[in-house]
Amino acid sequence: MPSRSEITYFGAGPALLPTEVLEDAAKALVNYQDTGLGIAEHSHRSQLATDIINKAKADLASCLDVPGDYEILFMHGGGTGEFSATAYNFAGAWVANKQKELGLDSTKPEDVQKLKEVVDKGLKLDYLVTGGWSQKASAEAERLFGAEHVNIVADSRKENGGKFGSIPDESTWNLSKDAALVYYCANETVDGVEFPAFPKALEPGPDGKGPIVIADMSSNILTQKIPVKNFSAIFFGAQKNLGPTGITVVILKKSFLPPVTSQPSPALMRKLGLPIPPIILQYETIAKNNSLYNTLSIFDVYIIGQVLQRMLKTYPDKVAGQQAVTDKKAQLVYDAIEAYPDVYRVIPAKATRSRVNVCFRVNKGGDVDAAEKAFLAQGTAQGLTGLKGHRSLGGIRASLYNSVPLEGAEKLAKFIRDFATS
């Protein structure tokens, strides 16, 4: 059996974690800070747990240069849970702001009726559909709110023969005038599509005002600098670049929380014919309780904190340092693939291909299936594992998350070249 040091794992998630972090966590799981209890056994209501949460929040804010007018939440439910949570919370905020703007009293039936007319005509949730995850996010919004309230700004399948693999030109986007949110997935893990930069069509104007932008950054968070102030919310599952499965992080603009914005009452939402979120998906409830409304896995947050501290120690320039490494790893692998166009084909368009999920096909000897099986088998024999593509897309997928070292990317690039010429 191979040892851990002999394996380079390119799986799409749960992803590789730094060995030193796991070794430290293993000790903490048995006896944390000489308390005689493992970290998973301490109460989530203890000061110890609060300190772990607050330290992880502070270190994440430091890594990403998160401004002080944003809150960081640790939640349950994964990215899929956030498909629901973002729709619930931002639709609710839209309703609350419309009620305030129009000066309507929710205790007066005639005012409720006026507000309902505004909701029926004007509530829109905008979605950019560029891959499987954004498609699922838009489908969830439609399931919760109805197709009449969901606007598909663009769908890359319409320009790509019914398949994902590109991002439509911004000139073709059909943005709503007053959307409750504009959602996009910054990196589509399955399809290998990544937005190369923040979309110009969504940038704030000179007055600082712009669309309410929500981004799913589950697979490319902490791989590049991001203009946090352009977003109303960013969410990401921890299991790619941050920690183990089980924690979902939300970076939320505080203006969408009390006292600035409070969610409408359940009674009002019912009268408006709109859904009410489960309380564990309500941002103001989670924020009010410092992510401890219900039992949170402090062990998982501890590992997140250790990963963040390791990044801060490794890169004095924080996420910018990691970005340079991520870009170099991606360049190494893509250069190797493109050196042999008769053997390999990158699936997504070059302008939008992902730096962290490299998706490609292998066609050696005219038999794609046989070539890819051989590629995977020979790769595994060399300690290069987790390379099989997603079941919906097939092919090969190399996920170059932060815990994959530069040497791992170099080893993969060499194997790609050797396989092509063998």
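Note that this is a predicted model, so its numbers are computed, not measured. (Residues numbered from 1 in each chain as written. Predicted model: local features only at pLDDT ≥ 70, side-chain atom pairs only at ≥ 80, totals over all residues. Heavy atoms only, no water.)

(A) Highlighting the packing of helix α10 (residues 368-381) against helix α11 (residues 406-421). Put simply, α10 and α11 touch, their axes get as near as 11 Å, and they point 130 degrees apart. On the basis of their axis angle, the class for α10 and α11 is oblique. Between α10 and α11 the crossing geometry is right-handed. Two secondary-structure elements touch here, α10 through A371, A374, F375, Q378 and G379 and α11 through F415, I416 and F419. (Axes fitted to C-alpha atoms, helices over the stretch in contact; angles between N-to-C directions. Helix = DSSP H or I, 4+ residues; strand = E, 2+ residues; numbered from the N terminus. Parallel < 35°, antiparallel > 145°, perpendicular 65-115°, else oblique. Left-handed = near helix turned anticlockwise from the far one by under 90°. Contact = heavy atoms within 4.5 Å.)

(B) Summary view of helix α5 (residues 132-145). Taking 1.5 Å as the rise per residue, α5 with 14 residues should run 20 Å; its terminal C-alpha atoms sit 20 Å apart, in good agreement. Taken together, the buried positions of α5 are S134, A137, S138, E140, A141, L144 and F145. Along the long axis of α5, the arc covered by the buried residues comes to 155 degrees, so they all point the same way. Contact partners of the buried residues in α5: α3 (78-102), β3 (125-129), β4 (150-155), β5 (181-185) and β6 (187-188). (Expected span 1.5 Å × (residues − 1). Buried < 20%, exposed > 50% of the residue type's maximum accessible area, 1.4 Å probe, protein only. Arc of directions from axis to C-beta.)

(C) Molecular detail of the sheet that holds strand β2 (residues 70-75). Strands sit in the order β2-β10-β9-β8-β5-β3-β4 across an open sheet of seven strands; the sheet is mixed. Two strands bound the open sheet, and with one partner strand each, they are β2 and β4. Taking each pair of neighbouring strands and ignoring which way they run, the sheet shows an average axis angle of 15 degrees. Bridging between β3 and β5 involves three bridges; their strand directions are parallel. Bridge pairing links D126 to V182 in β5. Docked against the sheet, helix α2 (residues 47-64) engages β2, β9 (233-237) and β10 (248-253), running at close to 125 degrees with respect to β2. (Pairing = 2+ DSSP bridges.)

(D) Expanded view of the packing of aromatic side chains. Under the defined criterion, the tally for this structure stands at 18 aromatic pairs. Taken together, the ring pairs connect F83, Y127, W133, Y183 and F235 into an aromatic cluster. The residue whose ring lies beneath K136 is W133, and the NZ or CZ to ring-centre distance is 4.7 Å. A cation over a ring is seen here: R353 above Y334, with NZ or CZ 3.9 Å from the ring centre. (Phe/Tyr/Trp six-rings, centres within 6.5 Å; stacked < 30°, edge-to-face > 60°. Lys NZ or Arg CZ within 6 Å of the ring centre and 35° of its normal.)

(E) Quick look at the state of the cysteines. Considering all chains together, one arrives at zero disulfides under this definition. Of all cysteine sulfurs in the structure, the one in C185 sits closest to C359, which takes part in no disulfide; the separation is 12 Å. Relative accessible area serves as the criterion here: at 1%, C359 is assigned to the buried category. (Disulfide = S-S within 2.5 Å.)

In short, shape yes, function no, at least from these values alone.
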